[in-house]
Structure formats: C-alpha cells, structure tokens
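Residue strings, one per chain:
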Amino acid sequence: MSVPILKVRDLGVTFRTGDRTTIASTEVNFELAAGEVLAVVGESGSGKSVSALALTRLLPPSPSCEINGSIKLNGRELVGLTEGQLSKVRGREIAYIFQEPGTSLNPVYTIGFQIGEAIELHRPEISDRRAAVLAALRDVHIDDPARVADSYPHELSGGMQQRAMIAMALACDPKILVADEPTTALDVTIQQEIMDLLARLRRERGMSIILITHNFGIVANFADHVQVMRKGRIVEHGPTAQVMGDPQHEYTKGLIACIPRLGQRRHRLTTLKDELKVS
Amino acid sequence: MNSPAQPLLEVRDLSVHYPGRTTWLFRKGAPKKAVDQISFTVPRGKTVGVVGESGSGKSTTGKAIIKLAPLTSGLILYKGQDIGGLPNHAFKLWRKKIQMIFQDPYNSLNPRADILGILSEPLEIHFPELSEADRKDRCAELLAGVQLSPDFLTRYPHEFSGGQRQRIGIARALAVQPELIICDEPVSALDVSVQAEVVNLLQDLQAKLGLTYLFIGHDLAVIEHVSDHILVMSQGQIVEQGSPAEILGSPREAYTRRLLAAVPKF
Ligand SMILES: Nc1ncnc2c1ncn2[C@@H]1O[C@H](COP(=O)(O)OP(=O)(O)OP(=O)(O)O)[C@@H](O)[C@H]1O
Ligand SMILES: Nc1ncnc2c1ncn2[C@@H]1O[C@H](COP(=O)(O)OP(=O)(O)OP(=O)(O)O)[C@@H](O)[C@H]1O
Ligand SMILES: [Mg+2]
Ligand SMILES: [Mg+2]
C-alpha cells in the first residue's frame, strides 16, 4: 500500500476524575494509508472509541483527560495543537460517525438544519443547500428525505438517526472517516447499502476509513487490515484474511469462536470463559 | 384469570399515528403511520423476537406497550386486562412488572446521577423495605451480571463506553424483577463474548424466574438463538410471523428473503 497519511505512535489516553485514574488506552500504534480501511475490533470498554476520539481531541480538556504520544496527519503533529487548529482538522480532514447518535445530534434543531450546517461549513461552494441535504439523505437510503429533513432527532427511529449522522459526516467530504459502529441500528439490507456506499466513496475519493465494529461479517467483507483491542491495548494487528483466518493471540481466537452464526442454533451462546482461559 | 393458555401480553389492532407537521412553505405533511393495525401475542415465559426494516415501527410498538408512545387505537392486554387505556397514575402499578431496555442508552440514563443512584432509584420505589447496604449489594450484583465491575457504581454515565452504558440499561431493567422486558436492541453495542454473556444471563433468568421477553434486534443469528417466535415488520405492519425455523428457514415474504440474503457471509 502507498505512503501512510496517518501515523500514530504510542498513543495513550488517561482520564482523571477526582482521585480516580482510568487508563483508557495505552501504547496504541498504527498507520493508515490513503484509501485504506482499518477495522478495529475488541472488547467492550477496551479503548476503541476513546483512541479514535483522541485523534482530534474530541475528549474532555486537560487535566481531566491526558493524551500522550504522537499523531501525525500527513507529517503534521496533531498532539499539542490548539483547539482552534484542531477544529480545522475536524470535519474536512477527519470526520466522525459517532457510536451513539444521541451524543452528537442536537435535539433542538431539525435534521435538515444540522446536515445543512455541515454542508455550509465544509462545502460553501454548494448553492442549493436544501437539495444537497435531500440528496445526502437519499444517499444513505432514507426513502422519505423531505419528512426526515424536517424532523427533530427524537422523531426518528434509531436507524434513521444513525443514517442522518452518516450523511452529516459524509457531507464534510473527509480524507479520513472514523466510523464508530456505524450500522448497529440498521437492518442487514440497509447495512449492506451503507457499507456499499462507504466502499464507493473510498474507491472514488480515496477516503480512508477507521471502522470500529463488533460485526465480524462487516470486517471480513470490507477491511484491509484489522486491529484487535483488549484492556486498552492492541493485542493483534494484521491483514484481515490473516487475523480472521489464522489468529495468533488467544483473545482473538476466543473472540472469533464466540461469533453466533445463523442456522447453527445452540443451547447456549459461547463466551470467552467457555472458550479458553484468558485472563 | 391466569389460565395457562392466556398469553402474558396480547396486542390487538395497535396503531400509532403521528400527526404531520406544517413545514416550510406551510405545507401540511401527511400523518406518519408509525404502527398500523398490528396484532400479536407474547406467551408467558417465552421470547418473541422482532426484526424488520429500520423505521418500520419496532421501537414504537415497544414504547406503546408502556405508554411512551401515544396509542391511536387498539388494545394492550396484559394478563387479559387492558392496560393501554389506563390513565397514567393507574398504569404506575404495572410499570414494575413491565420494563424496557431502550435502544438509545445515552438518552435514557440520567446524566446527573451516578450508577449507584441510577440502579437504586427503582429499588427504592419498588422495594422500600431494603436497607441501604442491601440495596448497594443488589446494585453490585446487577452490575456483575452484565460483566461490569462494582467499582463503576460511583461513576457517571458519560464516563463509560457505549457498550458499558448499554449494559447499565440492562442492569436497570432487571433491578425490579419484572415479568416482561421489552428489549430494544439490547446487545447491539457489545462484543460477541460480552453479548453472549448477557444473552445467557437473560436466558438463565427466563429459565429461573419465568421472565418473558419481547426482543427487538437486527442480528439474525442472535434473534434465531433467543426467539420462540419471530415477528417481521415492514412499514408499520407485521408482514410475516412464525417459528424461527419457518421465518429463517423458509421465509414467504420478499422482504424477509432480502433480509436473509443480506447477512454478510464469511
Ligand atoms: N469520560 C470518561 N471518563 C472516564 N473514563 C472513561 C471516559 N470515557 C471512557 N472511559 C473509559 O475508558 C475505557 C475505554 O472506553 P471506550 O469508549 O474507548 O471503549 P470501547 O472500546 O469503545 O467500548 P464499546 O465497544 O463498549 O464502545 C472504558 O473503560 C471507559 O469506561
Ligand atoms: N415522536 C415521533 N414523531 C413523529 N414520528 C415519529 C416519532 N417517533 C417515531 N416516529 C416515526 O415512526 C416511524 C417508526 O419509528 P420506530 O422508532 O418505531 O422504528 P424502528 O422500527 O424502531 O426503526 P430502527 O430499527 O431504525 O430503530 C419512523 O418513521 C419515525 O420517523
Ligand atoms: Mg465504543
Ligand atoms: Mg428502533
């Protein structure tokens, strides 16, 4: 693959609340090439979201939250940039589909207003913003875009909110898209449409994608590389076929054995505890 | 009244229609038929799975059962009694028996309460006889059930990962020992191992206490695993229902077939 556009070295994130310290992630190292899809899988609470949010510091300010290490975007160090400098990186350079739509959609504005705002900010050359908003919603397979555009977030289903957020992130036309569990609220037919859309954007625009997911079906069909996280660390990293077909780390092996599969109904679902003795 | 044949929950001709809004250009939008004349039953001690298109009315159906969505018409019969028509104060008595695990944990947890507070609140209301120490023990036990450490009791909702928050919502629903739990995508944010732990916990509780579940989900393998009966929804209606073998083995509806075809293969 070509030269990396993103190089992350020894990234660590530590939260401090009162006298409590939580090391959310530590010694995170990876590179991302233009047009590459890197999947991040692993335990719930292992630091996947926090590490991704740290890239543009979408986290509480210091001293409640400390970020260490180095994050280089096209050779430019992001760690230590001011809030003003980082706000220019967010959106156009690195855009996010957040894990929980509820955390990022503003409850007091309509969906159309919020997508329109993203378009105005990042693509000022577009003149007919209403048409662009409706097109963005149609792209994410919303079949009644006018109604959805005029709705407030609480008037939409979980999957519609998720797709509205995807539309908002894509409206920024980012170089790197961080997609944090982008299809959890979607049925598999729409999930497939959304993944096809992301694959097309990656092909046409050379957009790189950091895809955080618990869905191994998506990983297998979509990612070039996979990184497996556990307790704040990357325990395994490699090309998708290798990690999924011949996992090296005990945790990865166990996790893959726990995947429930359609048509193979069992009495109980397999957990890591049944699979192996990983501490 | 408690004949074994009587389902725990029966929903008859339920509709939830939202009025259209007057929008820009002052055009009145058409009303949205979120749920349109659906009927189904949930037998005691069983799990009814619900799958379907995004926006097809699954969450609205669940919310209508506990009066969080406005009933346009229809009956909600719980042990034969119509609870859909009850005024709010009378419905309170049933709220302990019917709990909901919400699809959006972030907006369903009080941001100003710590986890001990969030889990204690329903216990204080419904089990006032518990001492403070007993209540705390019970909260720690609930967290352990969903694979979270008791250390988390003093943390606030924003200090958790998405999957951790989802599990707090599950612990809260289990706190008051309900009879029926409406589970709206309860395990969608969990890795496959923790997901398995939580699903096994729900099934153990079902075997031990006879809990009944209405289980909304998008992961067909999980739905197949938990369900005794499956409803397939599309555009506010139930388009097909049957046993997991019928629905997933030989689906009749075009939508169900498309759904099965879209499951990623690997
Ligand atoms: N604001 C915060 N303050 C303190 N701790 C936090 C905060 N945000 C996250 N954490 C902790 O950091 C750890 C990593 O969280 P993160 O959200 O990255 O997990 P994740 O891998 O994305 O999990 P999931 O799959 O459940 O979303 C967790 O243990 C979480 O409790
Ligand atoms: N308060 C409301 N006002 C107006 N319309 C609403 C409201 N709540 C829901 N709707 C509409 O009702 C329809 C059904 O929504 P619902 O949340 O039940 O879908 P769902 O099947 O749960 O979908 P998902 O799988 O995406 O969560 C959607 O079109 C939604 O926009
Ligand atoms: Mg996360
Ligand atoms: Mg829903």
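Residues numbered from 1 in each chain as written. Chains lettered and ligands numbered in written order. Predicted model: local features only at pLDDT ≥ 70, side-chain atom pairs only at ≥ 80, totals over all residues. Heavy atoms only, no water.

Chemist: In this structure, what is going on with the coordination of the magnesium ion (ligand 3)? I would like to understand it.
Modeler: In ideal tetrahedral geometry, four donors around a metal make angles of 109.5 degrees, whereas ideal octahedral geometry with six donors gives angles of 90 or 180 degrees. Residue and element names in this part refer to chain A. Ligation of the magnesium ion (ligand 3) by protein atoms is provided by Ser49 (OG) and Gln99 (OE1), these donors lying 2.0 to 2.2 Å from the ion. Of the two residues, Ser49 is situated in helix H1 (residues 48-54) and Gln99 in the loop between strand S6 (94-97) and helix H3 (101-104); the sequence distance between them amounts to 50 residues. Given the relative accessible area of 16%, Gln99 is considered buried. (Donors = N, O, S within 2.8 Å, 3.2 Å for Na, K, Ca; no water. Helix = DSSP H or I, 4+ residues; strand = E, 2+ residues; numbered from the N terminus. Buried < 20%, exposed > 50% of the residue type's maximum accessible area, 1.4 Å probe, protein only.)

Chemist: Whenever I open this one, helix H5 (residues 129-139) of chain A confuses me. Can you help?
Modeler: The periodicity of an α-helix, 3.6 residues per turn, causes residues three or four places apart in sequence to face the same way. Residues and elements named next belong to chain A. Those residues of H5 lying buried are Ala132, Val133, Leu134, Ala136 and Leu137. For H5, the elements touching its buried residues are helix H4 (111-122), helix H6 (145-149) and helix H7 (158-171). Capping the start of H5 is the job of one residue whose side-chain oxygen sits 3.5 Å from the backbone nitrogen of Arg130: Asp128. Looking one or two places after H5, you find His141, whose phi comes out positive at around 65 degrees. (Contact = heavy atoms within 4.5 Å. Polar contact = N/O pair within 3.5 Å; in protein donor to acceptor, adjacent residues only side chain to side chain.)

Chemist: Would you mind showing me how to read the interface of chain A and chain B here?
Modeler: Accessible area lost when the parts come together is the quantity often used to give the size of an interface. Counting from both sides, the interface comprises 57 residues of chain A and, opposite them, 56 residues of chain B. For the chain A face of the interface with chain B, the top three residues by lost area are Leu262(A), Arg265(A) and Leu269(A), together amounting to 16%. At the junction of chain A and chain B, the tally comes to four salt bridges. Between Asp204(B) and Arg268(A) there is a salt bridge whose closest N-O contact spans 2.8 Å. Listing elements by their share of the side of chain A that touches chain B, those giving two or more residues are strand S2 (20-33), H3, H7, helix H8 (188-205), helix H9 (216-222), helix H11 (250-257) and helix H12 (272-275) of chain A. (Buried area = accessible area lost by both parts, 1.4 Å probe. Salt bridge = Lys/Arg side-chain N within 4 Å of Asp/Glu carboxyl O.)

Chemist: In this structure, what is going on with the coordination of the magnesium ion (ligand 4)? I would like to understand it.
Modeler: All names here are of chain B. On the protein side, the magnesium ion (ligand 4) has Ser59 (OG) and Gln103 (OE1) as donor atoms, found 2.0 to 2.2 Å from it. In this pair, Ser59 is assigned in helix H1 (residues 58-65) and Gln103 in the loop between strand S6 (98-101) and helix H3 (105-108), connecting sequence segments 44 residues apart. Like Ser59, the residue Gln103 is buried in the burial classification.

Chemist: Hey, could you run me through the site of ligand 2 in this one?
Modeler: Arg147(A), Ser157(A), Gly159(A), Ser54(B) and Thr60(B) are the nearest of the 21 residues found near ligand 2. Around ligand 2, the nearby residues trace back to chains A and B. Take Ser157(A): an N or O atom from its side chain is 2.7 Å from an oxygen atom of ligand 2. Contact between ligand 2 and Gln103(B): an oxygen atom at 2.9 Å from a side-chain N or O atom of the residue. Of all the elements in the fold, those that place two or more residues in the shell around ligand 2 are H7 of chain A together with strand S2 (32-42) and H1 of chain B. By residue class, the composition of the shell around ligand 2 is five nonpolar, 11 polar and five charged. (Near = heavy atom within 4 Å. Nonpolar A, V, L, I, M, F, W, Y, C, P; charged D, E, K, R; others polar.)

Chemist: Just checking my understanding: could you explain the packing of H7(A) against H8(A) for this structure?
Modeler: A pair of packed helices can be characterised by two numbers: the angle between their axes and the separation between those axes. All names here are of chain A. Two numbers describe how H7 lies on H8: the axes approach to 12 Å, and their chain directions differ by 5 degrees. Here H8 runs roughly parallel to H7, going by the angle between their axes. Of the residues in H8, those touching H7 at Arg163, Ile166 and Leu170 are Ile190, Ile194, Leu197, Leu198, Leu201 and Arg205. Here the residues of the contact of H7 with H8 are counted per class, giving seven nonpolar, no polar and two charged. (Axes fitted to C-alpha atoms, helices over the stretch in contact; angles between N-to-C directions. Parallel < 35°, antiparallel > 145°, perpendicular 65-115°, else oblique.)

Chemist: How should I be thinking about the sheet that holds strand S4 (residues 73-78) of chain B in this particular structure?
Modeler: Sheet strands line up and pair through hydrogen bonds in the backbone, either parallel or antiparallel. All names here are of chain B. The antiparallel open sheet is built from four strands, whose spatial order is S2-S1-S4-S5. The open sheet has two edge strands with one neighbour each: S2 and strand S5 (81-82). By the bridge criterion, two bridges tie S4 to S5 in an arrangement that is antiparallel. Within S5, the residue paired with Tyr78 across the bridge is Gln81. (Pairing = 2+ DSSP bridges.)

Chemist: So what exactly am I meant to see when it comes to the packing of aromatic side chains here?
Modeler: What characterises a pair of aromatic rings is the spacing of the ring centres plus the angle enclosed by the ring planes. Taken as a whole and assessed by the stated rule, the structure comprises four aromatic pairs over all chains. Here Tyr96(A) and Phe98(A) contribute two aromatic rings whose centre-to-centre distance is 5.5 Å and whose plane-to-plane angle is 10 degrees, an arrangement assigned as stacked. Judged by centre distance (5.4 Å) and plane angle (80 degrees), the ring pair of Tyr78(B) and Trp94(B) falls under edge-to-face. With Tyr78(B) in strand S4 and Trp94(B) in helix H2 (residues 88-95), the pair connects residues that are 16 residues apart, well separated along the chain. Taking relative accessible area as the criterion, Trp94(B) reaches 14% and is therefore assigned buried. If you follow Arg261(A) out to its NZ or CZ, it ends over the ring of Phe266(B), 4.5 Å from the centre. Geometry around Phe160(B) places Arg155(B) over its ring, the cationic atom sitting 5.3 Å from the centre. (Phe/Tyr/Trp six-rings, centres within 6.5 Å; stacked < 30°, edge-to-face > 60°. Lys NZ or Arg CZ within 6 Å of the ring centre and 35° of its normal.)

Chemist: Mind showing me how you'd approach H2(B) here?
Modeler: Residues and elements named next belong to chain B. Looking only at H2, the buried set comprises Ala90, Phe91 and Trp94. Down the axis of H2, the sector holding all buried residues measures 100 degrees, keeping them to one side. With respect to the buried face of H2, the exposed residues turned more than 90 degrees away are Asn88, His89, Lys92 and Leu93. In this structure, the buried side of H2 is in contact with H1, S4, S5 and S6. (Arc of directions from axis to C-beta.)

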